[in-house]
Structures are given as C-alpha cells and as structure tokens.
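# Structural description and commentary
Here is what each chain is made of, one letter per residue.
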Amino acid sequence: MLSDLMIRSYIEYGKLGIRPLSPETIRENGVDLRFSDAFQPLKKTDAIYDTHLPSAEQNPLFFDPVIHADYYDLQPGCAVQVATMEWIDMPVDLCAMINLRSTYARLMTLGSPTAINAGWHGNVVYTLQSPYPYGVRLYKGDRFMHVLFDSLTSPAEKPYDKDGKYQDQQGMVGPKMDVEKTTRRIRVPAIPEKTL
Amino acid sequence: MIVSDYDLSHDIEHDRLYIDPLYDDAIRQNGIDFHLGDEVRRAKEKEILDIRSGRNLEEWTESEICKSFVVHPNESLLCRTAEYLEMPDYIVGLCYLRSTYARLGIIIPATVIDAGFKGTLTVELRGNPSFGMRLYPFDPFMHVIFPTLDSPVVKLYRGKYQGQIAVTAPRADIPLEAV
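Residues numbered from 1 in each chain as written. Chains lettered and ligands numbered in written order. Predicted model: local features only at pLDDT ≥ 70, side-chain atom pairs only at ≥ 80, totals over all residues. Heavy atoms only, no water.

When you go through chain A residue by residue, the secondary structure sums to three helices and twelve strands. Taken over the C-alpha atoms alone, chain A extends approximately 55 × 45 × 35 Å along its principal axes. A total of 196 residues make up chain A; the buried ones form 53% of that total. Long-range pairs, those at least 24 residues apart, make up 78% of the contacts in chain A between residues at least 6 apart in sequence. When the accessible surface of chain A is totalled, it reaches about 9600 Å², and 55% of it is carbon and sulfur. Across chain A, the centroid of the 21 positively charged side chains sits 2 Å from that of the 24 negatively charged ones. (Helix = DSSP H or I, 4+ residues; strand = E, 2+ residues; numbered from the N terminus. Buried < 20%, exposed > 50% of the residue type's maximum accessible area, 1.4 Å probe, protein only. Contact = heavy atoms within 4.5 Å. Areas by Shrake-Rupley, 256 points an atom, 1.4 Å probe, with all protein chains shown as cover. Lys, Arg positive; Asp, Glu negative; His and termini not counted. Charge placed at Lys NZ, Arg CZ, Asp CG, Glu CD.)

The following block contains the structure:
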C-alpha cells in the first residue's frame, strides 16, 4: 500500500494525476476526494430498473436531472449519485480502492467499496444512500471519500483504455450497461489434478 | 502489491489460481471480474436469526434458481458467483462491486477471500432505497483484486464454507479447539 511519501512522489513525477490537488488531502496512506457541486438524486419509484435494457433510455426514468448547488440534502431513505471535484489520472502500475470516509460512515450513509483500475482517467462517480430515518447534508468541497493506492506486481498489460466505457468521464456519468454481454464466450480451464 | 493482469494470466495458466469457468474478458488490469450465479437466497422469516440455536439456518432462508431476479428497495439477499475458485497460499482476494452496479446504489459489504479457500463465493447484495433492479445471472458484477501476502500462509483456509457450491446460509462457528 502506498504511503503518503510514495503518493507524493508518484504525483511529483507526474505518474499519478489528482487535480485540483490541495496538499492536505494527502493522508497517511491515501488521498481524500471531495464532493463536486453536482448531485443527481435517484428517483423514488415502483418501476424496476432492468439491467438488460439500454441504460440511455432507462436512466432518465430512474435518476432526477443533475442539480448544481453548494450543498444537497440527502433525505432519509434516499440515494444520490455524486461526483468528485478531483480528476484522477491512474498510472498503469497502480490500482486504487475507494472507501467512504469514516465521518460519512458514522453519519450512517452507505456506499459500496469499489476499485479504480490501472490506466483509468476521470472524475470518480459514486452513489451514497441514507437508509435510516434522518437525512444528511452534503456540502460541495467536503472530503467524503478515501482512496488507497497499491502497486501492481507488474504494469498492467492491458490498462483501462479508450474502449472502457467510463474512460475520461467528466462530471456526472450514470450507469452504462453492456447489452452485448449475453454473447460472451467462456473458456473452461483444464481441471488441475489437485482439485478436491 | 496487487497481482497484475499479466501475472494473473500466468498464475491461471500454471494452475496456481483456479477459476472455472474463466470468461474470455474476465481478467482485467488489476483483478478478475466475477459473474452472478443463477441462484439467490432470501430471508423468509422475520424473527431473529440465531447462529448458535443449533437450527439449520438454511430453513430460515429460501433459495431460488432463476433466469433473472429483482433486488427490491432496501432489500438484502445472498447471491453467488458463477465461478468456482481455488485460492493459492500467497494471495488474498478483496471483492469490489463493479462501478456500473455501484452507480445504481447497490452495495456489497467488504468481503475477503482467504488464502486456500475453495468454492463459489456467497455474497450479500443490498439494493438501493429508491427503486428495484432486475439483475441477470452470468453478468459481471464484482471485481476481485488479489493482494499478495508477505509470506505464503502456514495454515490454509479449512473453514466451514470450504467447498461450498450453492448459495450458503450462515453457519455456526466450529469451536476453535475442534479445527
């Protein structure tokens, strides 16, 4: 796992990009990311989001339009999609792991841990929910996400590139389903002798 | 250090890490995409689940084999991976939801695969509070990254979920002295 010292050198040598970077966001063993001014609430609806239907048609039915504001009140029992103000340029030899900062976990908001792959560039998009009976006010510029970086055993052979659907995402970008995935080919490895 | 795509391919080729089936595009930059299995398990009773009660917790939950399933608002359910996995003794697995599903507000709690584990993975999925979602087996939903250990493990995983194939309900701990 990269220490603050290593993170600073990765940034200084231009291998890892985090912009805008305010130096106090580099923590002991990771970097804090901040809310941008964009918030996109998930709609309360009885309709079912079907992950095999094109997302471009479904997203407007399940997500409200993006709100630009200095703060957003995440109401009890609601969820909102947020984006970081920082733009991240991942090198080909690092992987990053995203977690909610402890303060937001203590505020009882939930968000799934996710990973950022080697070679990815963009603003990080994340969905926060508050399933409990009180709301939470989210302020633009507040640090809410903690990112850990770890080096790879070798640079990625196929870094995340232009074919990746979230490459260079700017601001709020909703989910994009791969609809062609049903035709995926499967390769079954030979069963090793040691099995069970 | 996290095992790169190049080294993952190498480890799979040499049967150090075993994944069946291995989808063609499953190996990503720094990890492996896992796909949903065709079974989910939901709680069917609203009473308190007591893992020490001696009762078989499989009865408290209901398994369903399905072509697709809906995660209702605020619902938690257990699903499994389509893949069967055998972990070697020098890496650990960390499970992360893929970004597309995270954007929909789905949550999987932090899940760790121990060195030496064999089986399919049973994973908790939690829906968002706003709307239901229909998910399909054999779609990639989880990205697993494999950090290396400081040394190979002396005592490999031999736990109560070893060899599990179906979605497995929680089981009572085996007393430590019996392991």
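Back to the write-up after that little detour.
The next subject is helix H1 (residues 4-12) of chain A. All names here are of chain A. Ile7, Tyr10 and Ile11 are the residues of H1 that are buried. Down the axis, H1 shows its buried residues gathered within 95 degrees of arc, on one side only. Residues Leu5 and Glu12 are exposed on H1 and point more than 90 degrees away from its buried face. Close packing links the buried residues of H1 with strand S1 (17-19), strand S2 (31-41), strand S7 (94-100) and strand S11 (143-151). Trailing H1 by a residue or two, Gly14 shows a phi angle of about 75 degrees, which is positive. (Arc of directions from axis to C-beta.)

Moving on, we get to the interface of chain B and chain A. At the junction of the two partners, chain B supplies 55 residues and chain A supplies 65 residues. Summing both partners gives a buried area of about 5100 Å² for chain B against chain A, and 56% of it is carried by carbon and sulfur. Ranking the residues of chain B by area buried against chain A places Gln29, Arg103 and Phe131 of chain B at the top, with a combined share of 15%. For the side of chain B that touches chain A, the elements supplying multiple residues, two or more each, are helix H1 (5-13), strand S1 (18-20), strand S2 (22-23), strand S8 (84-86), strand S9 (93-97), helix H2 (99-103), strand S13 (132-135) and strand S14 (140-145) of chain B. (Buried area = accessible area lost by both parts, 1.4 Å probe.)

Averaged over every residue, the pLDDT of chain B is 92; the share at 70 or more is 97%. Complex prediction metrics read pTM 0.92 and ipTM 0.90. (pLDDT = per-residue confidence, 0-100.)

The linkage connecting Arg19 of chain A with the following residue, Pro20 of chain A, adopts the cis geometry, with an omega of -5 degrees. Mapped onto the elements, Pro20 of chain A comes out in the loop between S1 and S2. Omega for the bond connecting Asp20 of chain B with Pro21 of chain B falls within 30 degrees of zero, at 0 degrees, which places this linkage in the cis form. As for its placement among the helices and strands, Pro21 of chain B is situated in the loop between S1 and S2. One non-glycine residue, Asp15 of chain B, adopts positive backbone phi at about 60 degrees. As for its position among the elements, Asp15 of chain B is in the loop between H1 and S1. When its relative accessible area of 30% is taken as the criterion, Asp15 of chain B is described as partly exposed.

Attention now goes to the nonpolar core. The biggest cluster of nonpolar side chains holds 47 residues, and the ones touching the most others in it are Leu17, Ile32, Phe69, Leu121, Leu125, Leu135 and Met142 of chain B. Among the elements that make up this core, the one with the highest residue count is strand S4 (residues 31-43) of chain B (four residues). When neighbours within four sequence positions are excluded, Leu135 of chain B is seen to be in contact with Thr51 of chain A together with Leu36, Ser68, Phe69, Val71, Tyr101, Ile106 and Leu125 of chain B. Counting residues in each nonpolar core, the second largest holds 37 residues, with Cys78, Val136, Val147 and Tyr160 of chain A among its members. (Core = buried A, V, L, I, M, F, W, Y, C linked by side-chain atoms within 4.5 Å.)

Evaluation of the coordinates by the stated rule reveals twelve aromatic pairs over all chains. Between Tyr49 of chain A and Phe131 of chain B, the ring centres sit 6.1 Å apart and the planes meet at 20 degrees, which makes this aromatic pair stacked. Within this pair, whereas Tyr49 of chain A is found in strand S3 (residues 48-50), its partner Phe131 of chain B is found in the loop between strand S12 (122-126) and S13, the two belonging to separate chains. Given a relative accessible area of 0%, Tyr49 of chain A falls into the buried group. Both rings, one in Phe62 of chain A and one in Phe131 of chain B, keep their centres 4.7 Å apart while their planes meet at 65 degrees; by these two values the pair is edge-to-face. Highlighted residues: Phe62 of chain A in helix H2 (residues 55-62) and Phe131 of chain B in the loop between S12 and S13, drawn from two different chains. Each member of the pair, Phe62 of chain A as well as Phe131 of chain B, carries the same accessibility label: buried. Members of the aromatic cluster, each reached through a chain of ring pairs, are Phe35, Phe39, Tyr72, Tyr104, Tyr126 and Phe144 of chain A. (Phe/Tyr/Trp six-rings, centres within 6.5 Å; stacked < 30°, edge-to-face > 60°.)

Let's shift gears to the sheet that holds S8 of chain B. All names here are of chain B. Spatially, three strands are ordered S1-S8-S11 in an open sheet, and the strand pairing comes out antiparallel. What marks the edges here is a single partner per strand, and that holds for S1 and strand S11 (118-119). Where S8 and S11 come together, two bridges link them in antiparallel fashion. Opposite Leu85, over in S11, you have Gly119 as the bridge partner. (Pairing = 2+ DSSP bridges.)

Here three strands make up an open sheet; going across it, the order is S3(A)-S13(B)-S6(B) and the pairing mixed. Both outer strands of the open sheet, S3 of chain A together with strand S6 (69-71) of chain B, are each paired with one neighbouring strand and no more. Geometrically, the sheet is characterised by an average inter-axis angle of 30 degrees between neighbouring strands, direction not taken into account. Judged from the three bridges that link them, S3 of chain A and S13 of chain B form a sheet pairing that is parallel. Within the sheet, the bridge partner assigned to Tyr49 of chain A lies in S13 of chain B and is Met133 of chain B. (Axes fitted to C-alpha atoms, helices over the stretch in contact; angles between N-to-C directions.)

With that settled, consider the pattern of salt bridges. All names here are of chain B. The tally for this structure, following the rule as stated, stands at 16 salt bridges over all chains. Across the salt bridge formed by Arg42 and Glu64, the nearest N and O atoms sit 3.1 Å from each other. You can see Arg42 sitting in strand S4 and its partner Glu64 sitting in strand S5 (residues 61-65), a full 22 residues away along the chain. (Salt bridge = Lys/Arg side-chain N within 4 Å of Asp/Glu carboxyl O.)

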